[in-house]
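Topology and contacts: notes
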Amino acid sequence: MAQRRRLRPNRMSIMRCLLTCAFVTAATLALLTVHVLPSFKAPSYSGAKKLSKRWDVSKKELRWTQELAPPQLSKFIAFSRSRKISQLGSSDRVTSAEFQKLWKPPPSRGFVPCVAPGSSYSSPGESRGYFLVHANGGLNQMKAGISDMVVVARLINATLVIPKLDKNSFWQDKSKFADVFDEEHFIASLVNDVKIVKKLPPEFAKAKRAVKYFTSWSSVEYYQGEIYQLWDDHQVIRAAKSDARLANNNLPPEIQKLRCRTFFEALRFAPPIEALGKLLVDRMKSIGPYIALHLRYEKDMLAFSGCTYGLSQQESDELAAIRENITHWKVKEIDPSEQRARGYCPLTPKEVGLFLSSLGYPSNTPIYIAAGEIYGGQAHMADLESHFPILMSKEILASEEELRPFSMHASQMAALDYIVSVESDVFVPSYSGNMARAVEGHRRFLGHRKTIIPDRKMLVHLFDKVDQGLLSEGDKLSDKITEIHRRRQGSPRKRKGPISGTKGRDRFRSEEVFYENPLPDCLCQLSSSDL
(Lines give C-alpha, C1' and ligand atoms only; values in the text may rest on other atoms or scores of the structure.)
Protein backbone atom coordinates (compact mmCIF):
# COMPACT_ATOMS: atom_id res chain seq x y z
CA MET A 1 0.00 0.00 0.00
CA ALA A 2 1.24 3.42 -0.85
CA GLN A 3 2.67 5.16 2.16
CA ARG A 4 3.78 8.69 2.75
CA ARG A 5 7.53 9.18 2.71
CA ARG A 6 9.19 11.24 5.38
CA LEU A 7 10.91 14.36 4.21
CA ARG A 8 14.53 14.99 5.05
CA PRO A 9 15.00 18.06 7.24
CA ASN A 10 17.36 19.83 4.83
CA ARG A 11 14.75 19.69 2.10
CA MET A 12 11.77 20.88 4.09
CA SER A 13 11.68 24.46 2.80
CA ILE A 14 11.84 23.43 -0.84
CA MET A 15 9.25 20.70 -0.39
CA ARG A 16 6.82 23.03 1.38
CA CYS A 17 6.81 25.21 -1.71
CA LEU A 18 6.42 22.22 -3.99
CA LEU A 19 3.58 20.77 -1.92
CA THR A 20 1.79 24.11 -1.88
CA CYS A 21 1.96 24.27 -5.68
CA ALA A 22 0.85 20.66 -5.98
CA PHE A 23 -2.06 21.24 -3.63
CA VAL A 24 -3.32 24.28 -5.54
CA THR A 25 -2.94 22.40 -8.82
CA ALA A 26 -4.82 19.37 -7.49
CA ALA A 27 -7.62 21.53 -6.12
CA THR A 28 -7.97 23.30 -9.47
CA LEU A 29 -7.98 20.00 -11.34
CA ALA A 30 -10.59 18.60 -8.95
CA LEU A 31 -12.83 21.63 -9.53
CA LEU A 32 -12.50 21.20 -13.27
CA THR A 33 -13.21 17.49 -12.93
CA VAL A 34 -16.34 18.02 -10.86
CA HIS A 35 -17.75 20.89 -12.89
CA VAL A 36 -16.39 20.32 -16.39
CA LEU A 37 -15.94 16.57 -16.91
CA PRO A 38 -19.30 14.81 -16.29
CA SER A 39 -17.82 11.38 -17.08
CA PHE A 40 -15.91 11.48 -13.79
CA LYS A 41 -18.94 12.37 -11.67
CA ALA A 42 -19.55 9.77 -8.99
CA PRO A 43 -22.94 8.02 -8.98
CA SER A 44 -25.01 8.66 -5.89
CA TYR A 45 -24.73 6.09 -3.11
CA SER A 46 -28.10 4.88 -1.86
CA GLY A 47 -29.06 7.04 1.08
CA ALA A 48 -25.99 9.25 1.00
CA LYS A 49 -26.65 12.95 1.42
CA LYS A 50 -25.30 15.47 -1.04
CA LEU A 51 -22.30 17.39 0.13
CA SER A 52 -22.59 21.13 0.25
CA LYS A 53 -19.58 23.40 0.03
CA ARG A 54 -19.40 23.34 3.80
CA TRP A 55 -20.11 19.80 4.92
CA ASP A 56 -20.03 18.64 8.54
CA VAL A 57 -18.40 15.19 8.69
CA SER A 58 -17.26 14.97 12.30
CA LYS A 59 -19.21 17.82 13.87
CA LYS A 60 -16.57 20.25 12.64
CA GLU A 61 -16.92 22.28 9.48
CA LEU A 62 -14.34 21.50 6.83
CA ARG A 63 -12.97 24.04 4.41
CA TRP A 64 -13.92 23.56 0.73
CA THR A 65 -10.25 23.07 -0.11
CA GLN A 66 -10.01 20.30 2.46
CA GLU A 67 -12.99 18.54 0.90
CA LEU A 68 -11.37 18.62 -2.52
CA ALA A 69 -8.02 17.24 -1.52
CA PRO A 70 -6.33 16.83 1.85
CA PRO A 71 -2.61 17.60 1.72
CA GLN A 72 -1.40 14.00 1.60
CA LEU A 73 -3.82 13.23 -1.26
CA SER A 74 -2.59 16.25 -3.22
CA LYS A 75 0.98 15.06 -2.76
CA PHE A 76 0.08 11.50 -3.76
CA ILE A 77 -1.88 12.57 -6.86
CA ALA A 78 0.99 14.77 -8.03
CA PHE A 79 3.45 11.91 -7.47
CA SER A 80 1.26 9.24 -9.07
CA ARG A 81 0.43 11.36 -12.11
CA SER A 82 4.09 12.07 -12.78
CA ARG A 83 4.82 8.38 -12.32
CA LYS A 84 1.98 7.43 -14.66
CA ILE A 85 3.32 9.72 -17.36
CA SER A 86 6.89 8.54 -16.97
CA GLN A 87 5.91 4.85 -16.98
CA LEU A 88 3.23 5.03 -19.65
CA GLY A 89 4.11 2.62 -22.43
CA SER A 90 2.27 1.14 -25.36
CA SER A 91 0.68 -1.49 -23.11
CA ASP A 92 -0.92 1.25 -20.99
CA ARG A 93 -2.67 2.95 -23.91
CA VAL A 94 -6.03 1.35 -24.53
CA THR A 95 -8.39 1.86 -27.42
CA SER A 96 -11.99 2.92 -26.95
CA ALA A 97 -13.13 -0.66 -27.49
CA GLU A 98 -10.62 -1.97 -24.95
CA PHE A 99 -11.69 0.71 -22.47
CA GLN A 100 -15.33 -0.38 -22.81
CA LYS A 101 -14.36 -4.00 -22.33
CA LEU A 102 -12.48 -3.21 -19.13
CA TRP A 103 -14.97 -0.84 -17.51
CA LYS A 104 -18.42 -1.35 -19.02
CA PRO A 105 -20.83 -3.17 -16.66
CA PRO A 106 -22.57 -6.33 -17.87
CA PRO A 107 -26.05 -5.91 -19.40
CA SER A 108 -28.64 -5.80 -16.61
CA ARG A 109 -31.26 -7.31 -18.96
CA GLY A 110 -33.90 -5.05 -17.45
CA PHE A 111 -33.70 -6.38 -13.90
CA VAL A 112 -34.70 -3.80 -11.29
CA PRO A 113 -35.42 -3.97 -7.54
CA CYS A 114 -38.97 -5.03 -6.66
CA VAL A 115 -39.17 -5.23 -2.89
CA ALA A 116 -42.37 -3.33 -2.11
CA PRO A 117 -44.82 -5.45 -0.10
CA GLY A 118 -47.86 -6.88 -1.89
CA SER A 119 -51.47 -5.80 -1.36
CA SER A 120 -52.12 -8.63 1.13
CA TYR A 121 -49.16 -7.68 3.34
CA SER A 122 -50.36 -6.56 6.76
CA SER A 123 -48.93 -4.26 9.41
CA PRO A 124 -47.32 -5.97 12.42
CA GLY A 125 -49.82 -7.58 14.75
CA GLU A 126 -50.08 -7.27 18.52
CA SER A 127 -46.72 -7.83 20.14
CA ARG A 128 -46.28 -10.92 22.31
CA GLY A 129 -43.10 -9.65 23.93
CA TYR A 130 -39.65 -8.17 23.40
CA PHE A 131 -36.94 -9.64 21.17
CA LEU A 132 -33.29 -9.00 22.04
CA VAL A 133 -30.61 -9.65 19.44
CA HIS A 134 -26.86 -9.95 19.98
CA ALA A 135 -25.38 -9.70 16.49
CA ASN A 136 -22.10 -11.55 16.06
CA GLY A 137 -19.11 -11.26 13.73
CA GLY A 138 -17.75 -8.41 11.66
CA LEU A 139 -19.73 -5.62 10.01
CA ASN A 140 -21.25 -7.56 7.13
CA GLN A 141 -21.92 -10.72 9.11
CA MET A 142 -23.79 -8.59 11.64
CA LYS A 143 -25.65 -6.74 8.89
CA ALA A 144 -26.91 -9.99 7.38
CA GLY A 145 -27.79 -11.38 10.80
CA ILE A 146 -29.73 -8.27 11.81
CA SER A 147 -31.69 -8.43 8.54
CA ASP A 148 -32.68 -12.01 9.31
CA MET A 149 -33.63 -11.12 12.89
CA VAL A 150 -36.00 -8.43 11.61
CA VAL A 151 -37.79 -11.21 9.74
CA VAL A 152 -37.79 -13.41 12.85
CA ALA A 153 -39.30 -10.57 14.90
CA ARG A 154 -42.17 -10.37 12.43
CA LEU A 155 -42.65 -14.15 12.34
CA ILE A 156 -42.98 -14.41 16.13
CA ASN A 157 -44.97 -11.18 16.63
CA ALA A 158 -42.21 -9.59 18.70
CA THR A 159 -41.16 -6.03 19.40
CA LEU A 160 -37.55 -5.83 18.29
CA VAL A 161 -35.15 -3.98 20.57
CA ILE A 162 -32.35 -2.26 18.62
CA PRO A 163 -29.71 -5.00 18.27
CA LYS A 164 -26.45 -4.99 20.20
CA LEU A 165 -23.32 -5.28 18.07
CA ASP A 166 -20.50 -7.74 18.68
CA LYS A 167 -17.92 -6.29 21.06
CA ASN A 168 -15.99 -9.50 21.67
CA SER A 169 -14.87 -10.43 18.18
CA PHE A 170 -11.29 -10.41 16.90
CA TRP A 171 -11.54 -6.65 16.24
CA GLN A 172 -12.66 -5.65 19.78
CA ASP A 173 -14.88 -2.88 18.40
CA LYS A 174 -17.03 -1.13 21.02
CA SER A 175 -19.33 0.58 18.50
CA LYS A 176 -23.03 0.72 19.27
CA PHE A 177 -25.76 0.26 16.66
CA ALA A 178 -26.26 4.01 16.24
CA ASP A 179 -22.52 4.52 15.72
CA VAL A 180 -22.59 2.31 12.63
CA PHE A 181 -26.15 2.48 11.28
CA ASP A 182 -28.72 5.25 10.93
CA GLU A 183 -30.94 4.24 13.83
CA GLU A 184 -33.81 6.64 13.11
CA HIS A 185 -33.92 5.62 9.45
CA PHE A 186 -33.87 1.92 10.43
CA ILE A 187 -36.89 2.32 12.71
CA ALA A 188 -38.86 4.55 10.34
CA SER A 189 -38.29 2.48 7.20
CA LEU A 190 -39.51 -0.73 8.87
CA VAL A 191 -42.51 0.80 10.67
CA ASN A 192 -44.94 -1.23 8.55
CA ASP A 193 -43.00 -4.45 9.02
CA VAL A 194 -42.08 -4.80 12.69
CA LYS A 195 -42.30 -2.81 15.91
CA ILE A 196 -38.89 -1.51 17.00
CA VAL A 197 -37.83 0.23 20.21
CA LYS A 198 -34.43 1.60 21.14
CA LYS A 199 -34.25 0.02 24.59
CA LEU A 200 -35.97 -2.67 26.60
CA PRO A 201 -38.48 -0.93 28.91
CA PRO A 202 -37.22 -0.83 32.52
CA GLU A 203 -40.18 -2.83 33.81
CA PHE A 204 -39.04 -5.79 31.68
CA ALA A 205 -35.43 -5.71 32.86
CA LYS A 206 -36.05 -8.59 35.29
CA ALA A 207 -38.76 -10.30 33.27
CA LYS A 208 -38.39 -14.01 32.60
CA ARG A 209 -36.48 -14.44 29.39
CA ALA A 210 -35.50 -17.27 27.08
CA VAL A 211 -31.93 -17.26 25.74
CA LYS A 212 -31.88 -19.22 22.52
CA TYR A 213 -29.34 -20.28 19.93
CA PHE A 214 -31.60 -20.55 16.92
CA THR A 215 -31.00 -23.46 14.58
CA SER A 216 -29.00 -22.42 11.51
CA TRP A 217 -30.75 -22.08 8.13
CA SER A 218 -34.20 -22.53 9.67
CA SER A 219 -37.58 -22.36 7.99
CA VAL A 220 -40.57 -20.15 8.73
CA GLU A 221 -42.27 -23.12 10.38
CA TYR A 222 -39.44 -23.45 12.93
CA TYR A 223 -39.92 -19.89 14.13
CA GLN A 224 -43.72 -19.87 14.01
CA GLY A 225 -43.79 -23.19 15.86
CA GLU A 226 -40.99 -23.99 18.30
CA ILE A 227 -39.81 -20.41 18.90
CA TYR A 228 -43.27 -18.82 19.00
CA GLN A 229 -44.26 -21.23 21.79
CA LEU A 230 -41.65 -19.65 24.05
CA TRP A 231 -44.04 -16.74 24.59
CA ASP A 232 -46.24 -19.04 26.71
CA ASP A 233 -43.63 -18.86 29.50
CA HIS A 234 -41.49 -15.85 28.69
CA GLN A 235 -41.88 -12.11 28.08
CA VAL A 236 -38.47 -11.64 26.53
CA ILE A 237 -36.60 -13.80 24.01
CA ARG A 238 -32.90 -13.24 23.36
CA ALA A 239 -31.13 -14.49 20.25
CA ALA A 240 -27.60 -15.30 21.40
CA LYS A 241 -26.35 -15.34 17.79
CA SER A 242 -27.77 -13.88 14.61
CA ASP A 243 -25.72 -15.24 11.70
CA ALA A 244 -27.18 -17.73 9.18
CA ARG A 245 -30.28 -18.42 11.27
CA LEU A 246 -32.67 -18.25 8.32
CA ALA A 247 -32.71 -20.43 5.20
CA ASN A 248 -31.46 -18.94 1.95
CA ASN A 249 -34.20 -20.45 -0.18
CA ASN A 250 -37.76 -21.76 -0.15
CA LEU A 251 -39.16 -18.96 2.01
CA PRO A 252 -42.38 -17.01 1.24
CA PRO A 253 -41.90 -14.15 -1.26
CA GLU A 254 -42.91 -11.47 1.27
CA ILE A 255 -40.32 -12.75 3.74
CA GLN A 256 -37.57 -12.58 1.12
CA LYS A 257 -38.61 -9.06 0.13
CA LEU A 258 -38.46 -7.96 3.76
CA ARG A 259 -34.90 -9.31 4.01
CA CYS A 260 -33.91 -7.19 1.01
CA ARG A 261 -35.70 -4.08 2.27
CA THR A 262 -33.79 -4.40 5.52
CA PHE A 263 -30.35 -5.28 4.16
CA PHE A 264 -30.20 -2.97 1.14
CA GLU A 265 -32.37 -0.07 2.30
CA ALA A 266 -33.15 0.07 6.04
CA LEU A 267 -29.60 -0.65 7.27
CA ARG A 268 -28.17 2.58 5.95
CA PHE A 269 -24.94 3.66 7.59
CA ALA A 270 -24.86 6.46 10.15
CA PRO A 271 -24.86 9.97 8.60
CA PRO A 272 -21.19 10.76 9.42
CA ILE A 273 -20.11 7.50 7.76
CA GLU A 274 -22.31 8.11 4.73
CA ALA A 275 -20.93 11.64 4.38
CA LEU A 276 -17.28 10.68 4.49
CA GLY A 277 -17.91 7.61 2.33
CA LYS A 278 -19.48 9.79 -0.35
CA LEU A 279 -16.52 12.16 -0.12
CA LEU A 280 -14.07 9.29 -0.61
CA VAL A 281 -16.02 8.14 -3.67
CA ASP A 282 -15.92 11.65 -5.13
CA ARG A 283 -12.17 11.84 -4.61
CA MET A 284 -11.60 8.46 -6.26
CA LYS A 285 -13.82 9.42 -9.20
CA SER A 286 -11.88 12.66 -9.64
CA ILE A 287 -8.83 10.55 -10.50
CA GLY A 288 -10.77 8.47 -13.02
CA PRO A 289 -12.53 5.09 -13.29
CA TYR A 290 -11.27 2.87 -10.49
CA ILE A 291 -11.20 -0.68 -9.19
CA ALA A 292 -12.16 -1.35 -5.58
CA LEU A 293 -10.06 -4.29 -4.46
CA HIS A 294 -11.20 -6.06 -1.32
CA LEU A 295 -7.77 -7.36 -0.42
CA ARG A 296 -8.56 -9.85 2.33
CA TYR A 297 -4.93 -10.28 3.30
CA GLU A 298 -5.28 -9.33 6.93
CA LYS A 299 -4.01 -11.10 10.03
CA ASP A 300 -7.38 -12.46 11.19
CA MET A 301 -8.22 -13.93 7.77
CA LEU A 302 -4.88 -15.63 7.29
CA ALA A 303 -4.91 -16.99 10.84
CA PHE A 304 -8.46 -18.33 10.53
CA SER A 305 -7.95 -19.91 7.09
CA GLY A 306 -4.47 -21.29 7.80
CA CYS A 307 -3.16 -19.82 4.55
CA THR A 308 0.59 -19.20 4.69
CA TYR A 309 1.69 -19.22 1.03
CA GLY A 310 4.40 -16.60 0.51
CA LEU A 311 4.87 -15.99 4.23
CA SER A 312 8.00 -16.48 6.31
CA GLN A 313 8.21 -19.23 8.93
CA GLN A 314 7.99 -16.60 11.66
CA GLU A 315 4.80 -15.16 10.16
CA SER A 316 3.31 -18.65 9.75
CA ASP A 317 4.05 -19.47 13.40
CA GLU A 318 2.46 -16.22 14.55
CA LEU A 319 -0.76 -16.99 12.65
CA ALA A 320 -0.88 -20.54 14.01
CA ALA A 321 -0.56 -19.18 17.55
CA ILE A 322 -3.46 -16.77 16.97
CA ARG A 323 -5.65 -19.59 15.66
CA GLU A 324 -4.77 -21.76 18.64
CA ASN A 325 -5.60 -19.05 21.17
CA ILE A 326 -9.04 -18.07 19.79
CA THR A 327 -11.32 -20.63 21.41
CA HIS A 328 -14.36 -20.23 19.14
CA TRP A 329 -12.28 -21.02 16.04
CA LYS A 330 -12.84 -24.77 16.08
CA VAL A 331 -10.34 -25.94 13.42
CA LYS A 332 -6.76 -25.69 14.67
CA GLU A 333 -4.72 -27.99 12.40
CA ILE A 334 -4.83 -26.86 8.77
CA ASP A 335 -2.79 -27.96 5.75
CA PRO A 336 -1.97 -24.63 4.01
CA SER A 337 -0.96 -26.29 0.72
CA GLU A 338 -4.23 -28.18 0.51
CA GLN A 339 -6.21 -25.06 1.41
CA ARG A 340 -4.58 -23.11 -1.40
CA ALA A 341 -4.89 -25.88 -4.00
CA ARG A 342 -8.64 -26.13 -3.32
CA GLY A 343 -9.10 -22.37 -3.76
CA TYR A 344 -9.85 -21.76 -0.08
CA CYS A 345 -7.16 -19.11 0.42
CA PRO A 346 -7.35 -15.40 -0.38
CA LEU A 347 -5.20 -14.36 -3.30
CA THR A 348 -1.93 -12.77 -2.23
CA PRO A 349 -1.17 -9.17 -3.27
CA LYS A 350 1.31 -10.54 -5.81
CA GLU A 351 -1.32 -12.88 -7.29
CA VAL A 352 -3.88 -10.07 -7.47
CA GLY A 353 -1.44 -7.90 -9.42
CA LEU A 354 -0.79 -10.68 -11.93
CA PHE A 355 -4.52 -11.41 -12.17
CA LEU A 356 -5.56 -7.83 -12.94
CA SER A 357 -2.68 -7.34 -15.40
CA SER A 358 -3.69 -10.53 -17.20
CA LEU A 359 -7.25 -9.24 -17.53
CA GLY A 360 -5.84 -6.27 -19.43
CA TYR A 361 -5.96 -3.46 -16.87
CA PRO A 362 -3.04 -1.07 -17.53
CA SER A 363 -0.56 -0.18 -14.82
CA ASN A 364 -1.98 3.36 -14.53
CA THR A 365 -5.33 2.01 -13.26
CA PRO A 366 -6.30 3.59 -9.91
CA ILE A 367 -7.03 0.89 -7.32
CA TYR A 368 -8.76 1.50 -4.00
CA ILE A 369 -7.62 -0.99 -1.35
CA ALA A 370 -10.71 -1.88 0.70
CA ALA A 371 -9.10 -3.56 3.68
CA GLY A 372 -7.76 -3.18 7.16
CA GLU A 373 -4.07 -3.47 7.92
CA ILE A 374 -2.40 -5.73 5.35
CA TYR A 375 -0.42 -8.47 7.02
CA GLY A 376 3.28 -7.87 6.54
CA GLY A 377 2.67 -4.34 5.27
CA GLN A 378 4.82 -2.99 2.46
CA ALA A 379 6.89 -6.18 2.25
CA HIS A 380 3.85 -8.03 0.88
CA MET A 381 2.36 -5.07 -1.02
CA ALA A 382 5.49 -4.39 -3.10
CA ASP A 383 4.62 -6.95 -5.78
CA LEU A 384 1.13 -5.52 -6.27
CA GLU A 385 2.49 -1.97 -6.32
CA SER A 386 5.00 -2.94 -9.00
CA HIS A 387 2.07 -3.81 -11.27
CA PHE A 388 -0.23 -0.98 -10.16
CA PRO A 389 1.56 1.97 -8.48
CA ILE A 390 -1.62 4.03 -7.95
CA LEU A 391 -2.88 2.27 -4.83
CA MET A 392 -5.31 4.36 -2.82
CA SER A 393 -6.97 3.83 0.55
CA LYS A 394 -9.17 5.70 2.98
CA GLU A 395 -6.01 6.66 4.86
CA ILE A 396 -4.67 8.40 1.73
CA LEU A 397 -7.96 9.84 0.47
CA ALA A 398 -9.02 11.35 3.80
CA SER A 399 -7.18 13.71 6.07
CA GLU A 400 -6.24 12.63 9.57
CA GLU A 401 -8.89 15.01 10.90
CA GLU A 402 -11.61 13.52 8.69
CA LEU A 403 -10.74 9.93 9.59
CA ARG A 404 -10.16 10.43 13.31
CA PRO A 405 -13.77 9.83 14.49
CA PHE A 406 -13.78 6.38 12.86
CA SER A 407 -10.18 5.21 13.01
CA MET A 408 -10.42 3.25 16.28
CA HIS A 409 -13.58 1.38 15.26
CA ALA A 410 -13.16 -1.54 12.85
CA SER A 411 -16.86 -1.70 11.88
CA GLN A 412 -17.01 2.00 11.03
CA MET A 413 -13.80 1.81 8.99
CA ALA A 414 -15.20 -1.25 7.19
CA ALA A 415 -18.37 0.71 6.43
CA LEU A 416 -16.31 3.36 4.63
CA ASP A 417 -14.69 0.62 2.52
CA TYR A 418 -18.14 -0.81 1.84
CA ILE A 419 -19.42 2.48 0.41
CA VAL A 420 -16.39 3.04 -1.83
CA SER A 421 -16.61 -0.59 -3.01
CA VAL A 422 -20.31 -0.48 -3.85
CA GLU A 423 -19.79 2.71 -5.85
CA SER A 424 -16.64 1.61 -7.69
CA ASP A 425 -16.54 1.11 -11.46
CA VAL A 426 -15.25 -2.43 -10.91
CA PHE A 427 -15.22 -4.47 -7.72
CA VAL A 428 -12.76 -7.34 -7.24
CA PRO A 429 -12.62 -9.41 -4.03
CA SER A 430 -9.54 -11.51 -3.36
CA TYR A 431 -11.61 -13.84 -1.19
CA SER A 432 -15.31 -14.74 -0.95
CA GLY A 433 -15.86 -13.61 2.64
CA ASN A 434 -18.76 -11.74 4.21
CA MET A 435 -17.85 -8.32 2.81
CA ALA A 436 -17.24 -9.69 -0.68
CA ARG A 437 -20.65 -11.37 -0.69
CA ALA A 438 -22.43 -8.34 0.74
CA VAL A 439 -20.89 -5.89 -1.74
CA GLU A 440 -21.51 -8.23 -4.68
CA GLY A 441 -25.15 -8.59 -3.69
CA HIS A 442 -25.56 -4.84 -3.23
CA ARG A 443 -24.06 -4.15 -6.65
CA ARG A 444 -26.43 -6.71 -8.20
CA PHE A 445 -29.35 -5.04 -6.41
CA LEU A 446 -28.35 -1.61 -7.75
CA GLY A 447 -28.16 -2.69 -11.40
CA HIS A 448 -25.59 -5.49 -11.76
CA ARG A 449 -22.51 -3.31 -11.61
CA LYS A 450 -19.33 -4.94 -12.83
CA THR A 451 -17.99 -7.35 -10.21
CA ILE A 452 -15.18 -9.72 -11.17
CA ILE A 453 -15.07 -12.84 -8.99
CA PRO A 454 -11.66 -14.56 -9.24
CA ASP A 455 -11.70 -18.33 -9.75
CA ARG A 456 -9.06 -18.87 -7.08
CA LYS A 457 -8.68 -22.61 -7.67
CA MET A 458 -7.95 -22.15 -11.38
CA LEU A 459 -5.74 -19.12 -10.78
CA VAL A 460 -3.56 -20.94 -8.25
CA HIS A 461 -3.09 -23.76 -10.77
CA LEU A 462 -1.96 -21.25 -13.43
CA PHE A 463 0.23 -19.21 -11.08
CA ASP A 464 2.01 -22.35 -9.91
CA LYS A 465 2.79 -23.16 -13.54
CA VAL A 466 4.30 -19.68 -13.90
CA ASP A 467 6.42 -20.22 -10.77
CA GLN A 468 7.57 -23.60 -12.12
CA GLY A 469 8.56 -22.12 -15.47
CA LEU A 470 5.91 -24.14 -17.32
CA LEU A 471 3.97 -21.00 -18.34
CA SER A 472 5.26 -17.48 -18.84
CA GLU A 473 3.54 -14.17 -18.19
CA GLY A 474 2.18 -12.73 -21.41
CA ASP A 475 -0.54 -13.26 -23.99
CA LYS A 476 -1.01 -16.98 -23.35
CA LEU A 477 -1.56 -16.52 -19.61
CA SER A 478 -3.73 -13.46 -20.26
CA ASP A 479 -5.94 -15.36 -22.74
CA LYS A 480 -6.45 -18.23 -20.30
CA ILE A 481 -7.35 -15.96 -17.37
CA THR A 482 -9.62 -13.76 -19.49
CA GLU A 483 -11.54 -16.76 -20.82
CA ILE A 484 -11.97 -18.29 -17.36
CA HIS A 485 -13.50 -15.04 -16.08
CA ARG A 486 -15.61 -14.13 -19.09
CA ARG A 487 -18.77 -15.25 -17.26
CA ARG A 488 -17.72 -14.16 -13.78
CA GLN A 489 -18.37 -10.41 -14.04
CA GLY A 490 -21.68 -9.88 -12.26
CA SER A 491 -24.22 -10.45 -15.02
CA PRO A 492 -27.79 -11.38 -13.95
CA ARG A 493 -28.39 -15.00 -12.97
CA LYS A 494 -30.49 -16.86 -10.45
CA ARG A 495 -29.03 -17.64 -7.05
CA LYS A 496 -27.25 -20.98 -6.95
CA GLY A 497 -28.78 -23.79 -4.93
CA PRO A 498 -26.98 -26.55 -3.01
CA ILE A 499 -24.24 -28.62 -4.58
CA SER A 500 -25.56 -31.91 -5.86
CA GLY A 501 -24.90 -34.82 -3.50
CA THR A 502 -24.46 -32.74 -0.34
CA LYS A 503 -26.61 -33.56 2.68
CA GLY A 504 -27.61 -32.07 6.02
CA ARG A 505 -25.86 -28.90 7.13
CA ASP A 506 -23.31 -29.25 4.34
CA ARG A 507 -26.18 -28.91 1.87
CA PHE A 508 -27.20 -25.53 3.30
CA ARG A 509 -23.55 -24.48 3.59
CA SER A 510 -22.99 -25.13 -0.12
CA GLU A 511 -25.79 -22.80 -1.22
CA GLU A 512 -25.12 -19.31 -2.49
CA VAL A 513 -25.86 -16.87 0.33
CA PHE A 514 -29.16 -15.01 -0.05
CA TYR A 515 -27.64 -11.53 0.27
CA GLU A 516 -24.93 -12.37 -2.26
CA ASN A 517 -27.48 -12.66 -5.05
CA PRO A 518 -31.04 -11.40 -4.44
CA LEU A 519 -32.32 -12.72 -7.79
CA PRO A 520 -35.06 -13.85 -8.29
CA ASP A 521 -36.66 -12.87 -4.96
CA CYS A 522 -35.96 -9.12 -4.99
CA LEU A 523 -35.27 -8.32 -8.66
CA CYS A 524 -37.88 -8.30 -11.41
CA GLN A 525 -37.30 -8.13 -15.15
CA LEU A 526 -39.03 -5.29 -16.97
CA SER A 527 -40.81 -6.13 -20.18
CA SER A 528 -39.40 -4.75 -23.43
CA SER A 529 -42.15 -2.11 -23.49
CA ASP A 530 -41.00 -0.79 -20.09
CA LEU A 531 -37.35 -0.42 -21.10
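Here, every reference points to the structure presented above.
Attention here is on the structure that accompanies the text. Nothing here was measured: the structure is a model prediction, and the numbers come from that model. (Residues numbered from 1 in each chain as written. Predicted model: local features only at pLDDT ≥ 70, side-chain atom pairs only at ≥ 80, totals over all residues. Heavy atoms only, no water.)

Points about unusual backbone geometry
Pro-520 follows Leu-519 through a cis peptide bond whose omega is 20°. When you line up the elements, Pro-520 lands in the loop between helix 22 (504-509) and strand 11 (523-525). Positioned with a positive phi, Asn-250 is a non-glycine residue whose angle comes to about 60°. Take Asn-250: it is sitting in the loop between strand 6 (236-239) and helix 9 (253-266). Overall, the relative accessible area of 80% leaves Asn-250 in the exposed class. Even without glycine at this site, His-448 takes up a positive phi of about 55°. (Helix = DSSP H or I, 4+ residues; strand = E, 2+ residues; numbered from the N terminus. Buried < 20%, exposed > 50% of the residue type's maximum accessible area, 1.4 Å probe, protein only.)

Considering helix 9
With 14 residues, helix 9 extends 18 Å between its outermost C-alpha atoms, agreeing within 8% with the 20 Å of an ideal straight helix rising 1.5 Å per residue. Among the 14 residues in helix 9, 11 count as buried, and that is most of the element. Within the span of helix 9, buried status applies to Ile-255, Gln-256, Lys-257, Leu-258, Arg-259, Cys-260, Arg-261, Thr-262, Phe-263, Phe-264 and Ala-266. Contacts from the buried residues of helix 9 go to helix 5 (139-155), helix 7 (183-189), helix 8 (220-227), helix 18 (410-422) and helix 19 (434-445). (Expected span 1.5 Å × (residues − 1). Contact = heavy atoms within 4.5 Å.)

Some thoughts on the pairing of strand 2 (residues 129-133)
For strand 2, the buried fraction is high: 5 of the 5 residues fall into the buried class. Where strand 2 and strand 3 (residues 158-161) come together, 3 bridges link them in parallel fashion. Of the residues in strand 3, the one forming a bridge with Phe-131 is Leu-160. In this view, the connection linking strand 2 to its parallel neighbour strand 3 by way of helix 5 has right-handed handedness. (Pairing = 2+ DSSP bridges. Right-handed = clockwise from strand over helix to strand, strands pointing away.)

A word on the side chain of Glu-512
By the element assignment, Glu-512 lies in the loop between helix 22 and strand 11. Looking at Glu-512, the relative accessible area reads 7%, which means it is buried. A distance of 2.8 Å separates a polar atom in the side chain of Glu-512 from the backbone nitrogen of Lys-496. (Polar contact = N/O pair within 3.5 Å; in protein donor to acceptor, adjacent residues only side chain to side chain.)

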